[in-house]
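Observations on chain architecture
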Amino acid sequence: MDWLGRMNNAMEYIETNLADDISYDKIAQIACCSTYHFQRMFPFITGVSLSEYIRRRRMTLAAFELQTTDAKVIDVAMKYGYDSPEAFTRAFKNLHGIIPTSARDKGISLKAYPRMSFHISIKGDVEMNYRIEQRGSFEMFGVYGLINSDQKTAFSEVPQFREKCDDDGSVDLMNELLGRFGDTVLHAALYDHTKESFKYMICYNLPKGLEIPERFTKLSVPALTWAIFPEPQCDLQKLWERIYSEWFPTSEYEQVEGPSFEMYYGMAMHVTGEIWIPVKKK
């Protein structure tokens, strides 16, 4: 119940400040967690990134205001945080499919995204196995792509990127450098998160003394505490969602800055997986 109340209080802060500057640090403070953890957790719980949710709510209110008042477009744009009518027009059209001046036309169709709130949902009927481990620093190497932070887009872009790495020979070359069979599945790192994107790296532990070709990138991982979640059936997409919607809200941990990993073990036809998330006690 405490977590539920904190999340709804965070939503209340967003709602009352849609026409003002919104501090991500303040949102996280109200939710009693770090800014980094809140930004990682929010899209897995809601299906939309925090920045996208705020944008949708602002554009919803902007459309209502344009329809029901004689306010100038430039004034509405400034009110909802846009420095120019051009930027406001782009954002408005991306959401509603029309330019702001058309919002007053009779019979025009607009989109409204309601305020989000959190309610109790009885879950937990399926157990979640996990372990907490402390690991020293280590290095990974691999090839990465930029993935959209939007949840639905990311879940479609990641398989496309993995297929690209198979097709262009990156996976085969990595396994050759590691002295492994070509269809041995490699790990994946998720890191350098921004509001718009994150890096997704097909990777593996870098053996000492191995010289890697220029096409690959090194990723240095500091000493961290990890929450590790095994998934024998390798349904990691569903596991990601359960971790943030079920495990984190009831655990004594929150995510800290650093890469997360999807660890894959075995051959392509017989693979199991784990999710590694860097954490600290609240």
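Above this text is the structure in question.
Residues numbered from 1 in each chain as written. Predicted model: local features only at pLDDT ≥ 70, side-chain atom pairs only at ≥ 80, totals over all residues. Heavy atoms only, no water.

The next thing to look at is the overall build of the protein. Scanning the protein from N- to C-terminus turns up 9 helices and 9 strands. In terms of overall dimensions, the protein has a C-alpha envelope of 70 × 45 × 30 Å along the principal axes. The burial tally for the protein puts 46% of its 282 residues in the buried class. Sequence-distant contacts, at least 24 apart, represent 70% of the contacts inside the protein between residues at least 6 apart. Taken as a whole, the protein presents about 15000 Å² of accessible surface, with 50% of it coming from carbon and sulfur. Of note, the protein has its 32 positive side-chain charges centred 4 Å away from the centre of its 39 negative side-chain charges. (Helix = DSSP H or I, 4+ residues; strand = E, 2+ residues; numbered from the N terminus. Buried < 20%, exposed > 50% of the residue type's maximum accessible area, 1.4 Å probe, protein only. Contact = heavy atoms within 4.5 Å. Areas by Shrake-Rupley, 256 points an atom, 1.4 Å probe, with all protein chains shown as cover. Lys, Arg positive; Asp, Glu negative; His and termini not counted. Charge placed at Lys NZ, Arg CZ, Asp CG, Glu CD.)

Here we come to the side chain of Glu254. Of note, Glu254 is situated in strand 7 (residues 253-255). Polar side-chain contacts of Glu254 include one of 3.2 Å to the backbone nitrogen of Ser34. When sequence neighbours within four positions are dropped, the list of residues in contact with Glu254 reads Cys32, Cys33, Ser34, His37, Phe248, Pro278, Val279, Lys280 and Lys282. (Polar contact = N/O pair within 3.5 Å; in protein donor to acceptor, adjacent residues only side chain to side chain.)

Turning to the layout of surface pockets, a few remarks are in order. Space inside the largest pocket adds up to approximately 840 Å³. Contributing to the lining of the largest pocket are 41 residues, with Phe155, Val158, Leu190, Tyr200 and Glu262 lying nearest its centre. Counting only elements with at least two residues in the lining of the largest pocket, the list comes to helix 3 (35-46), helix 4 (50-68), helix 7 (151-167), strand 4 (197-205), helix 9 (236-250) and strand 8 (260-267). The leading source of residues in the lining of the largest pocket is helix 7, at 7 residues. (1 Å grid on protein atoms, 1.4 Å probe; cavity = no way out; pocket = protein on both sides within 12 Å on 5 of 7 lines; lining within 4 Å. Points joined across faces, edges and corners; volume = space filled by probe spheres on them.)

By size, the foremost hydrophobic cluster in this structure holds 60 residues, and its most contacted members are Ile14, Phe38 and Tyr200. Beyond its immediate stretch of four places on either side in the chain, Tyr200 contacts Val143, Tyr144, Gly145, Ile147, Val158, Phe161, Arg162, Ala188, Ala189, Leu190, Glu262 and Tyr264. (Core = buried A, V, L, I, M, F, W, Y, C linked by side-chain atoms within 4.5 Å.)

It is the contact of helix 3 with helix 9, at a shortest axis distance of 8 Å, that shows an interaxial angle of 110 degrees. The angle between helix 3 and helix 9 places the two elements in the roughly perpendicular class. Taken as a pair, helix 3 and helix 9 cross one another with a handedness that is left-handed. Taken together, the residues of helix 9 that come into contact with helix 3 (itself represented by His37, Arg40, Met41, Phe44 and Ile45) are Trp240, Glu241, Tyr244, Ser245 and Phe248. Among the residues making up the contact of helix 3 with helix 9, the classes are represented as 6 nonpolar, 2 polar and 2 charged. (Axes fitted to C-alpha atoms, helices over the stretch in contact; angles between N-to-C directions. Parallel < 35°, antiparallel > 145°, perpendicular 65-115°, else oblique. Left-handed = near helix turned anticlockwise from the far one by under 90°. Nonpolar A, V, L, I, M, F, W, Y, C, P; charged D, E, K, R; others polar.)

For the rest of this paragraph, the subject is the pattern of salt bridges. In this structure the tally under the stated criterion is 13 salt bridges. With its nearest N and O atoms 3.9 Å apart, the salt bridge here joins Asp168 to Arg215. Of this pair, Asp168 sits in the loop between helix 7 and helix 8 (170-178) while Arg215 is found in the loop between strand 4 and strand 5 (217-221), placing the two residues 47 residues apart along the sequence. Taking relative accessible area as the criterion, Asp168 reaches 35% and is therefore assigned partly exposed. (Salt bridge = Lys/Arg side-chain N within 4 Å of Asp/Glu carboxyl O.)

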